[in-house]
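Tertiary structure, described
Listed here are the chains, written in short residue letters.
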Amino acid sequence: MGYTTIALHVEPDTLGAVDASIALPLALAEVHAAHVAALVFAASVYRPEPAGGDAEMSENALAAREDGVLLHVRAALEARGLRFEVRGRSSFAYGIGEVLADQMRVSDLGIMSFGSGADIGKRFVASGGIFSSGRPMLLVPPSHATASPPSRAIVAWDASTAAVRAVHGALPLLKRADSVTVVSVTDDKEFRPGQSAVELTHLLARHGAKADFRPVQRGSGGVTRAILDAAREAQADLLVMGAVRHAPLHNLVFGSATMDLLDQGPTLPTLLAA
């Protein structure tokens, strides 16, 4: 089992930044011989200051940049011999907030660059892909320019339906990784029968993954910090976790690992499913 179709959002930016943002997605497409649906549009509300010194980039300048990035992405895909389609903003029949989610519904995986300080536009597009598409979403930090598929994965496991979907959505990546560590924050929730992370490692092993289990404590830093600390100690280059959207009051009182991740930005490529 692998990915046959990857939906990729490309933010119009300098060509160097674009190359960095598509390095991992194109490497994954090559490994899986996947068709790439690349969507080039500005998700970010912020517009970089043009050379002329105006406060904002004009619509014409933004459209020209998008056209240039579209041609650049097309050339990069052709150079790798991948099957693809590249579409710009003029191809969309509805608002950009729905574009990526709609393409993900007919894809196996969605990918977008997403880092700390992402503005409301990028968060809107990312949240739509995660919570409205029914497919897994891989968020890649802008600083991550590695063009190699993940080799050391961390799976954050709480036996929720979202975590189950994330694990199965990540299977093509986990099967190819050199190691997979299943992490459960054991003092965060009362574990019920059937919530066995050890059993998950057995399932992953039957799929061909090299998996083991590591319990961790929540500690004063919260669930997100405990998971990220475990990922750093394992030198992981992929995090897999379920995404859950709670009511604002729940987030205020109990916190939310998903919202923490979107607020802080992922520090390593992170696959989420809701």
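Up top you'll find the structure we're talking about.
Cut-offs applied
Residues numbered from 1 in each chain as written. Predicted model: local features only at pLDDT ≥ 70, side-chain atom pairs only at ≥ 80, totals over all residues. Heavy atoms only, no water. Helix = DSSP H or I, 4+ residues; strand = E, 2+ residues; numbered from the N terminus. Buried < 20%, exposed > 50% of the residue type's maximum accessible area, 1.4 Å probe, protein only. Contact = heavy atoms within 4.5 Å. Core = buried A, V, L, I, M, F, W, Y, C linked by side-chain atoms within 4.5 Å. Axes fitted to C-alpha atoms, helices over the stretch in contact; angles between N-to-C directions. Left-handed = near helix turned anticlockwise from the far one by under 90°. Pairing = 2+ DSSP bridges. Right-handed = clockwise from strand over helix to strand, strands pointing away.

**Regarding the overall build of the chain**
Assigned secondary structure in the chain consists of nine helices and 10 strands. Relative to its 274 residues, the chain shows a buried fraction of 51%. Sequence-distant contacts, at least 24 apart, represent 81% of the contacts inside the chain between residues at least 6 apart.

**Observations regarding the side chain of Ser113**
Along the chain, Ser113 falls in strand β4 (residues 109–113). Setting aside residues no more than four positions away along its own chain, Ser113 makes contact with Ser21, Lys122, Val140, Pro141 and Pro142.

**Description of the nonpolar core**
With 46 residues, the main nonpolar core has Leu138, Leu174, Leu204 and Leu271 as its most contacted residues. Counting 37 residues, the second-largest nonpolar core is a separate cluster that includes Phe41, Phe114, Phe131 and Met137.

**So, the packing of helix α3 (residues 96–104) against helix α4 (residues 120–132)**
Running from N to C, α3 and α4 cross one another at 35 degrees; their axes reach a closest spacing of 8 Å. Taken as a pair, α3 and α4 cross one another with a handedness that is right-handed. In this structure, α3 contributes Ile96, Gly97, Leu100, Ala101 and Met104 to the contact, and α4 contributes Phe124, Val125, Gly128, Gly129 and Ser132.

**Observations concerning the sheet that holds strand β7 (residues 179–185)**
An order of β3-β2-β1-β4-β5-β10-β9-β6-β7-β8 is seen for the 10 strands of this open sheet, with the pairing classed as mixed. Two strands lie at the open edges of the sheet, namely β3 (84–88) and β8 (211–216), each paired on one side alone. Each adjacent strand pair in this sheet contributes to an overall mean axis angle of 20 degrees, direction not counted. Bridge count between strand β1 (residues 5–10) and strand β2 (residues 35–40): six bridges; the pairing is parallel.

**Overview of the environment of Thr201**
Within the fold, Thr201 resides in helix α6 (residues 197–206). Distance from Thr201 to Val155, taken between C-alpha atoms, is 10.0 Å for residues 46 residues apart in sequence. When neighbours within four sequence positions are excluded, Thr201 is seen to be in contact with Val182, Ala211, Asp212 and Phe213.

**So, the pairing of strand β6 (residues 152–156)**
Of all five residues in β6, four are buried, a share of seventy percent or more. Here β6 pairs with β7 via five bridges, running parallel. Across the sheet, the residue bridging to Arg152 is Ser179, located in β7. Regarding topology, helix α5 (residues 161–174) serves as the crossover connection from β6 to the parallel β7, and that connection is right-handed. The sheet contact formed by β6 and strand β9 (residues 238–242) spans three bridges and is parallel. Within β9, the residue paired with Val155 across the bridge is Val240.

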